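Structure at a glance
The residues making up each chain are set out below.
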Amino acid sequence: GAFVVTGFADAVLRFFIIFNSNWGKDEPQTLRYAIILNCSMGADGGQGTGNVLVDNGQGADTGDGALMVTALIAPDGTELAVGQSHDFDFGRVTLNADGSFTYDPRGPGFDDLDAGETEQVVFGYLLSDGTNSTVGSVETEVAGAAERNDVNEIIGTEGRDIIIGTSCNDLIRGLGGSDRMRGGAGNDWFVFDSETQNGRCERDVLVGFNWRKDTIVLGSDAEIRSIEDFGGGVRVIFEGDGDVLFIRGRGLEAENINFVQEDSFLF
């Protein structure tokens, strides 16, 4: 089986979904996705979507006949109808016969979840090929995030990313790869650290930088070699791999960019 997250959402909360299935396999498959939920949760926000039958590159579940999901299994083992929304302390789950599901983590079980704390959530499903049935599960880890004065942390990957912030205040970490980043309307902080010494010379582009309210944050491994006005923006070159950061924004000059050290960085 497979699990693919296709949706993002709006919430000061981060959660990870892990899908495991042992249908016809010697070892259960595990696939992990990070969904970062940003800004304040709206009426339609807070949802992640996926499908328990989709091939994730490790092979889809197969049976003697066409597969269908026949039940959602609650944490207490109760079999619930598919095609309907079911509310739990950990949120709302809607699971359909074709394997598609929606998970909304807005539940009372997370009201007291502080930064650094996690809550494990598991719900199962019954899968049938018309002759035989087996049980799969979706395991969810919900991690509390510090409010940080309503600053949302958005984290990229070690590959190339396009990262777009929210209308709220954002803390953006592009990590490795040559990334293109835009903060959005709030007060935004862009963090550079060990990726400047990962053995790859990378080129990041930061657009829409507002020098009056946005900030570049330097981690302990990030050291600036040079900074200069360049091509209508500013070019920053880091020590280590010689990574280059191009910053563009209205009225931007090298002398008015605000740099701070992460170890002294306070929200």
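Preceding this section is the structure that the text describes.
Note that the structure is a prediction, hence the values are computed from the model and not measured.

Section: the sheet that holds strand β13 (residues 169-173)
- If you walk across this open sheet you meet the five strands as β11-β13-β15-β17-β21, and the pairing is parallel. Strand pairing shows two members of the sheet lacking a second neighbour, β11 (151-155) and β21 (259-261), which therefore form its edges. Averaged over all pairs of adjacent strands, the angle between strand axes in this sheet comes to 25°, irrespective of strand direction.
- One ladder, built from four bridges, connects β13 with strand β15 (residues 188-192); its direction is parallel. What sits directly across from Ile172, in β15, is Phe190.

Considerations on the sheet that holds strand β20 (residues 244-247)
- Spatial ordering of the open sheet is given by β12-β14-β16-β20-β19-β18, a layout of six strands whose pairing is mixed. Here the strands that pair on one side only, and so sit at the sheet edges, are β12 (162-164) and β18 (224-230). Ignoring which end each strand starts from, the neighbouring axes of this sheet average 15° apart.
- The pairing of strand β19 (residues 233-238) with β20 spans four bridges and is antiparallel. Among the inter-strand pairings, Val234 is bridged to a residue of β20, identified as Ile247.

Concerning the packing of aromatic side chains
- Counted under the stated rule, the structure contains eight aromatic pairs.
- Geometrically, the ring pair formed by Phe88 and Phe90 is stacked, given 4.9 Å between the ring centres and 10° between the ring planes. An identical accessibility class is assigned to Phe88 and Phe90; each is buried.
- Considering the side-chain rings of Phe190 and Phe209, the 6.2 Å spacing of their centres and the 45° angle between planes classify their relative orientation as tilted. A residue pair is termed long-range when its members are at least 10 positions apart, and Phe190 in strand β15 and Phe209 in the loop between β16 (203-207) and β17 (215-218) qualify at 19 residues.
- You can call Phe190 buried: its relative accessible area is 1%.
- Among the aromatic residues, those joined into a cluster by ring pairs are Phe88, Phe90, Phe101, Tyr103 and Phe123.

Focus: empty space enclosed by the protein
- All chains considered together, the criterion is met by one cavity of 30 Å³ or more.
- Within this model, the largest cavity holds a volume of roughly 50 Å³.
- Around the largest cavity, the lining residues are Phe192, Glu195, Thr196, Glu202, Asp204, Phe238, Asp243, Val244 and Leu245.
- Grouping the constituent residues of the lining of the largest cavity by class yields four nonpolar, one polar and four charged.

Observations regarding the pattern of salt bridges
- A full pass over the atoms with the stated rule returns five salt bridges.
- As a salt-bridge pair, Glu153 and Arg173 come within 2.9 Å of each other at their nearest N and O atoms. Residue Glu153 is located in strand β11, and its partner Arg173 is located in strand β13; the two are separated by 20 residues in the primary sequence. Take Glu153 and Arg173: they sit in the same class, and that class is buried.

Regarding the pairing of β18
- Two strands pair when backbone bridges link them, and β18 and β19 are joined in this way by six bridges, in the antiparallel orientation. If you follow Phe230 over to β19, its bridge partner there is Gly233.

Thoughts on the environment of Thr157
- If you trace the backbone, Thr157 turns up in the loop between β11 and β12.
- Within the structure, the side chain of Thr157 is placed 3.0 Å from the backbone nitrogen of Gly159, a separation counted as a polar contact.

Brief notes about the side chain of Asp214
- Checked against the element boundaries, Asp214 lands in the loop between β16 and β17.
- Here Asp214 sits buried without a salt bridge, and the closest side chain of opposite charge, Lys213, lies 6.0 Å off (N-O distance).
- At a separation of 3.1 Å, a polar atom in the side chain of Asp214 contacts the main-chain amide nitrogen of Asp188.
- Non-local contacts of Asp214, meaning those with residues more than four positions away in its chain, are made with Gly186, Asn187, Asp188, Phe190, Gly208, Phe209 and Asn258.

What counts, and at which threshold
Residues numbered from 1 in each chain as written. Predicted model: local features only at pLDDT ≥ 70, side-chain atom pairs only at ≥ 80, totals over all residues. Heavy atoms only, no water. Pairing = 2+ DSSP bridges. Helix = DSSP H or I, 4+ residues; strand = E, 2+ residues; numbered from the N terminus. Axes fitted to C-alpha atoms, helices over the stretch in contact; angles between N-to-C directions. Phe/Tyr/Trp six-rings, centres within 6.5 Å; stacked < 30°, edge-to-face > 60°. Buried < 20%, exposed > 50% of the residue type's maximum accessible area, 1.4 Å probe, protein only. 1 Å grid on protein atoms, 1.4 Å probe; cavity = no way out; pocket = protein on both sides within 12 Å on 5 of 7 lines; lining within 4 Å. Points joined across faces, edges and corners; volume = space filled by probe spheres on them. Nonpolar A, V, L, I, M, F, W, Y, C, P; charged D, E, K, R; others polar. Salt bridge = Lys/Arg side-chain N within 4 Å of Asp/Glu carboxyl O. Polar contact = N/O pair within 3.5 Å; in protein donor to acceptor, adjacent residues only side chain to side chain. Lys, Arg positive; Asp, Glu negative; His and termini not counted. Contact = heavy atoms within 4.5 Å.

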